[in-house]
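Survey of secondary and tertiary structure
Each chain is listed here by its residues.
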Amino acid sequence: MLPTSTSKSISIDGMSCASCVGRVDRALTAIEGVSDVKVNLATESANLVAEGAQGLKQAAATLDNLGYPARTARVTLNIASMTCASCVGRVDKALAKVPGVLDVSVNLATETAVITFLEGVIAPNDLAAASTDAGYPASVIEADAPVDRSAEKEQEAQLALRRTLFAAALSLPVFVLEMGTHVIPGAHAFIGATIGHQTSWLIQFVLTTIVLIGPGRGFYLKGFPALLKGAPDMNSLVAVGTSAAYSYSLVAIFAPSLLPDVARAVYFEAAAVIVTLILLGRFLEARAKGRTGAAIQKLLGLQVRTARVLRDGEPVDVALEDIVEADVLIVRPGERIAVDGEIVEGSSHVDESMITGEPIPAGKTVGDAVTGGTVNGAGSFRFRATRVGADTTLSQIIRMVQDAQGAKLPIQALVDRVTMWFVPAVMAFAALTVAVWLVVGPDPAITFALVAGVSVLIIACPCAMGLATPTSIMVGTGRAAEMGVLFRKGDALQHLVGVSVVALDKTGTITAGRPELTELMLADGFTRADLLSLVAAVEEQSEHPIAEAIVRMARQENVARADVTSFEAIPGYGVRARVAGHDVLVGADRLLDREDIQLGGLKEAETELATKGRTALFAAIDGRVAAVIAVSDPVKPASAAAIRALHNLGLRVAMITGDKRETAEAIAAEIGIDEIVAGVLPDGKVRALDELRGDGRKVAFVGDGINDAPALAHADVGIAIGTGTDVAIESADVVLMSGDLAGVVNAFEVSRRTMRNIRQNLIWAFAYNTALIPVAAGVLFPIFGVLLSPVFAAGAMALSSVSVLANALRLRRIQLAMSEGGNGPKATPAPNLQPVAAE
């Protein structure tokens, strides 16, 4: 039993001085339920006494709001014995009450729990123990290790099949002996004249007993202990229901005097067939669950098991997990590349369709990057490993998909609240049903009460409720990965549906991010060659795409390179440098305004260029305006088509850019942008999103550069172009594997189809239970004389879960709403996650 008050040490980030310590101390001391606070700057920690898990959660939230976040860690547990939504709720509750746990996400479909906890306050093995103590054995999954559970799922399915076949073989004679007398004329008399009815009942007793203590024993070993703990689950419903039918039959055979003659009957066939049908449902569920993880299996199948590595100058076959950074690997024709790296010798063509979706192999030579999982062509080469293990592109993709599949959507919270109380409510309703039948039912009332009570227990199992959301998430996010869309955060699936505005960063997102210099207008007294020499020398120090365009033009014209003696970047304005003895400024008009440099007649030229969609920069030499430089960043081929597709989905599209309004309006008119936020400095994109949120609208932001990271994190849904920077990708909720906006359309398509599928599953599961529980209780009997048999109740219950799984599996057939390049649906692309230079 966990103590109500615990003394813990919380590791804290961000404290740098005594005043930080004082702020942290005062904030923690002010929390109700937290006492004896001692903050230590040297160890960057706070020792305190907190009342249970809630006190530590409040402490963590307070520290986060204060700007000194507590260090957290995350662990994934494999959870056994979960069979329904009630189990999920109990595991969630058991883990959430452990002091130090901040967040729990339990997934029935993947049979896992993802826990975020305070680092150092609790150990992963303690969390596994908490789940095990609650009756659901758990084990820790190794951090960052992609897990292939296909073999495990196949073994589960095979075991369930063997149990089902064995139970069916024993249950069939029981069913025929008992029910055959009701449907086959003369069967009752034939049994009486041959083996006798008492012998028939004894045979049924023996066969049913074997079914219950053999393939069906798991229901009783788990169900009754859960019931005794006051936390009944699906196994408890089955155990109580079948035990009631079995026990009643035992009394009818071995103590018939306890029952009136009119009520003497056996229900062995109900107990045996119920167990068999539920086992059949378990088998079908296990097989379907294996299919829901097909996307992960495909991705894991792209990993090689061994690779040829140079060790001490000799090629050696090495296991994938033993490859380290800087190893030199040999790739022969037709082989799959093991890890990410850079070619150091040789050349070839590599099939990168699993990364880019493009079927044409890419030429590779010395200095080019290669990606693990791609396939070499006819050539041979050697490459140096740069990313291995969990850091490879393929491992990152697999990890993103697994994280998304294990996520808990906000809609699941409602399901959890309902199902936590569902099973106890059902058992109470079953008891009420028995009582009502005993009081008002016709003779033999005890028989009717038994049938109705068992039917209620069996048909009300909330398996379908528990599977409704996680199975759809698994299949939907897996299919999304195959389509080129990675949901880094599973809840983005639900949040995307509520988005009404899609805000697009311009450079590198709408446009190619590779501008070309189109015009160079000089002021009097300057020559093109001299100006390019000075300006190109400055821009060689910058990594901005516009700078690269100017440098490329200078190289094309063979302009002499000047020497740079000092350089200063002025964020949002431009750059200043000392070049060949001259003071050189290159940047937007606001840079020259800041320096009180008059633009003269070049101001009109800049305005005219802006109306053509050009981005204009000014150059000033020694305090005098020298030129206006126009560059054009071509719009990506798919941008206009993607924006039309977003309009067709009922979405408004906005563009956020640092360009002048005239330039932005020209581009917007070309591709159909609805709203423009122009003249935005790099740190102003967050404010721009807040402007777009007017009238309560939810905004998705699409970007690719380092300066997009704050906006990606601030948006309701952040979508990163997969060819963008690592920083942008880490800040996003969704990562597009392709380099254009077609992936945005596909992300919305997957989101809408998956959420519609979840709603269908939930409506079916809830409506099914709501409608059939009264039928099982006998509400139709007074009108139609119909009382649902427990056998049919078991069949209907199994069918409900299988129906939910089958509906979720339909998501595997989602097709591309738009292909890369904007040319309509095509063959499925595969993952792309190649970081390049920032915007």
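Residues numbered from 1 in each chain as written. Predicted model: local features only at pLDDT ≥ 70, side-chain atom pairs only at ≥ 80, totals over all residues. Heavy atoms only, no water.

As recorded in an unreviewed UniProt entry, the protein chain goes by Heavy metal translocating P-type ATPase and comes from Gymnodinialimonas ceratoperidinii. For the protein chain, the Subcellular location (unreviewed entry) comment in UniProt is given as "Cell membrane". According to the UniProt record, the Sequence similarities (unreviewed entry) comment for the protein chain reads "Belongs to the cation transport ATPase (P-type) (TC 3.A.3) family. Type IB subfamily." (UniProt positions renumbered as here; feature names shortened; annotations may be inferred.)

With respect to the element layout, Asp25 can be found in helix α1 (residues 18-29). Once you skip the residues sitting within four places of it in the chain, Asp25 turns out to touch Val37 and Val39. (Helix = DSSP H or I, 4+ residues; strand = E, 2+ residues; numbered from the N terminus. Contact = heavy atoms within 4.5 Å.)

Now for unusual backbone geometry. Along the chain, Asp443 connects to Pro444 via a cis peptide bond; the corresponding omega equals -10°. Among the structural elements, Pro444 can be located in the loop between α14 (410-440) and α15 (445-459). In this model, Ala580 sits at a positive phi of 50°, which is unusual for a non-glycine residue. With respect to the secondary-structure elements, Ala580 resides in the loop between β20 (574-579) and β21 (582-587). With relative accessibility at 48%, the residue Ala580 sits in the partly exposed group. Even without a glycine there, the phi angle at Asp695 is positive, about 65°. Tracing the chain through its elements places Asp695 in the loop between α25 (685-692) and β26 (699-703). Of the residues examined, Asp695 reaches a relative accessible area of 82% and is grouped as exposed. (Buried < 20%, exposed > 50% of the residue type's maximum accessible area, 1.4 Å probe, protein only.)

Right, let's get into the UniProt feature "transmembrane region" (unreviewed entry) in the protein chain. The UniProt feature table records "transmembrane region" (unreviewed entry) at residues 165-184, 190-213, 234-259, 265-284, 418-440, 446-469, 762-784 and 790-809. Strand forms 0% of residues 790-809 and helix 100%; the C-alpha atoms that close the span are 29 Å apart.

Before going further, it helps to examine the packing of helix α8 (residues 217-228) against helix α9 (residues 234-254). At a minimum axis separation of 7 Å, α8 and α9 run at an interaxial angle of 105°. By the angle between their directions, the pair α8 and α9 is classed as roughly perpendicular. Where α8 approaches α9, its residues Phe219, Tyr220, Lys222, Gly223, Phe224, Ala226 and Leu227 are matched on the opposing element by Met234, Asn235, Ser236, Val238, Ala239, Val240, Thr242 and Ser243. In terms of residue class, the contact of α8 with α9 is made up of nine nonpolar, five polar and one charged. (Axes fitted to C-alpha atoms, helices over the stretch in contact; angles between N-to-C directions. Parallel < 35°, antiparallel > 145°, perpendicular 65-115°, else oblique. Nonpolar A, V, L, I, M, F, W, Y, C, P; charged D, E, K, R; others polar.)

This part is about the pattern of salt bridges. Counted by the stated rule, this structure contains 23 salt bridges. Of the charged contacts in the structure, one is a salt bridge between Asp327 and Arg311, with a shortest N-O distance of 2.7 Å. Of this pair, Asp327 sits in the loop between β9 (314-319) and β10 (328-331) while Arg311 sits in strand β8 (residues 306-311), and the two are 16 residues apart along the sequence. A salt bridge links Arg576 to Asp583, with the nearest nitrogen and oxygen atoms 3.4 Å apart. According to the relative accessible area criterion, Arg576 is partly exposed, its value standing at 21%. Through salt bridges with shared partners, a single network forms among Arg576, Asp583, Arg594 and Glu595. (Salt bridge = Lys/Arg side-chain N within 4 Å of Asp/Glu carboxyl O.)

Quick look at a positive patch on the surface now. Together, Arg162, Arg163, Arg217 and Lys222 make up a region of like positive charge exposed at the surface. Mapped onto the positive patch, the elements with two or more residues apiece are α5 (150-183) and α8. Judged by its relative accessible area of 38%, Lys222 falls in the partly exposed class. (Patch = residues over 30% accessible without salt bridge, like charges linked within 9 Å, V, L, I, M, F, W, Y side chains within 5 Å. Areas by Shrake-Rupley, 256 points an atom, 1.4 Å probe, with all protein chains shown as cover. Lys, Arg positive; Asp, Glu negative; His and termini not counted. Charge placed at Lys NZ, Arg CZ, Asp CG, Glu CD.)

Two faces belong to every sheet, and in a regular strand the side chains alternate between them. The pairing of β20 with β21 spans six bridges and is classified as antiparallel. The partner of Val575 across the bridge, within β21, is Val586. Sheet topology note: the β21/strand β22 (residues 615-621) ladder contains four bridges and is antiparallel. Within the sheet, the bridge partner assigned to Val584 lies in β22 and is Ile621. (Pairing = 2+ DSSP bridges.)

Before going further, it helps to examine the packing of α1 against helix α2 (residues 52-66). Taken N-terminus to C-terminus, the directions of α1 and α2 make an angle of 140°; their axes are 10 Å apart at the nearest point. Accordingly, the angle class assigned to the pair α1 and α2 is oblique. In terms of crossing hand, the pair formed by α1 and α2 is right-handed. When α1 is examined against α2, the residues Arg23, Val24, Ala27 and Leu28 are found in contact with a partner set consisting of Ala59, Thr62, Leu63 and Leu66. When grouped by side-chain class, the residues that make up the contact of α1 with α2 number six nonpolar, one polar and one charged. (Left-handed = near helix turned anticlockwise from the far one by under 90°.)

This part takes up the sheet that holds strand β23 (residues 624-632). Spatially, six strands are ordered β18-β23-β22-β21-β20-β19 in an open sheet, and the strand pairing comes out antiparallel. On the outer flanks of this sheet lie β18 (516-522) and β19 (564-570), each paired with one strand and no other. Averaged over all adjacent pairs, the angle separating strand axes in this sheet is 20°, with direction ignored. Strand contacts of helix α22 (residues 602-611): β18, β22 and β23, with the helix running at about 5° to β23, the strand carrying the most contacts.

Turning next to a nonpolar patch on the surface. The grouping of Phe429, Leu432, Val436, Leu438, Val439, Val440 and Ile446 at the surface amounts to a nonpolar patch, some 630 Å² of accessible area in total. The leading source of residues in the nonpolar patch is α14, at six residues. Looking at where Val440 falls in the secondary structure, it is placed in helix α14. Given a relative accessible area of 60%, Val440 falls into the exposed group.

Those residues of α22 that fall on the buried side of the exposure criterion are Leu602, Ala605, Glu606, Leu609 and Ala610. In an axial view of α22, the angular spread of the buried residues amounts to 140°, which keeps them on one side of the axis. Elements that come into contact with the buried residues of α22 comprise β18, α21 (589-594), β22, β23 and α24 (661-671). One or two positions beyond α22, positive phi appears at Gly613, with a value near 85°. (Arc of directions from axis to C-beta.)

By size, the foremost hydrophobic cluster in this structure holds 135 residues, and its most contacted members are Leu127 and Ile673. Top contributing element to this core by residue count: helix α28 (residues 742-777), with 14 residues. Residue contacts for Leu127: discarding those within four places in its chain leaves Val75, Leu77, Leu95, Val98, Val101, Ile115, Phe117 and Ile122. Ranked by size, the runner-up nonpolar core spans 28 residues in total, among them Leu517, Leu531, Met553 and Val584. (Core = buried A, V, L, I, M, F, W, Y, C linked by side-chain atoms within 4.5 Å.)

We now examine the sheet that holds strand β5 (residues 101-107). Pairing in this open sheet of four strands is antiparallel, and the strands run β5-β6-β4-β7 from one edge to the other. Among the strands making up the open sheet, the edge pair consists of β5 and β7 (138-141). Strand-to-strand, the axes of this sheet are offset by a mean angle of 25°, without reference to chain direction. Across four bridges, the pairing between strand β4 (residues 72-79) and β7 is antiparallel. Following the sheet pairing, Thr76 is matched in β7 by Ile141. Contacts from helix α3 (residues 85-96) reach β4, β5 and β6 (112-118) within the one sheet, and its direction differs from that of β5 by about 165°.

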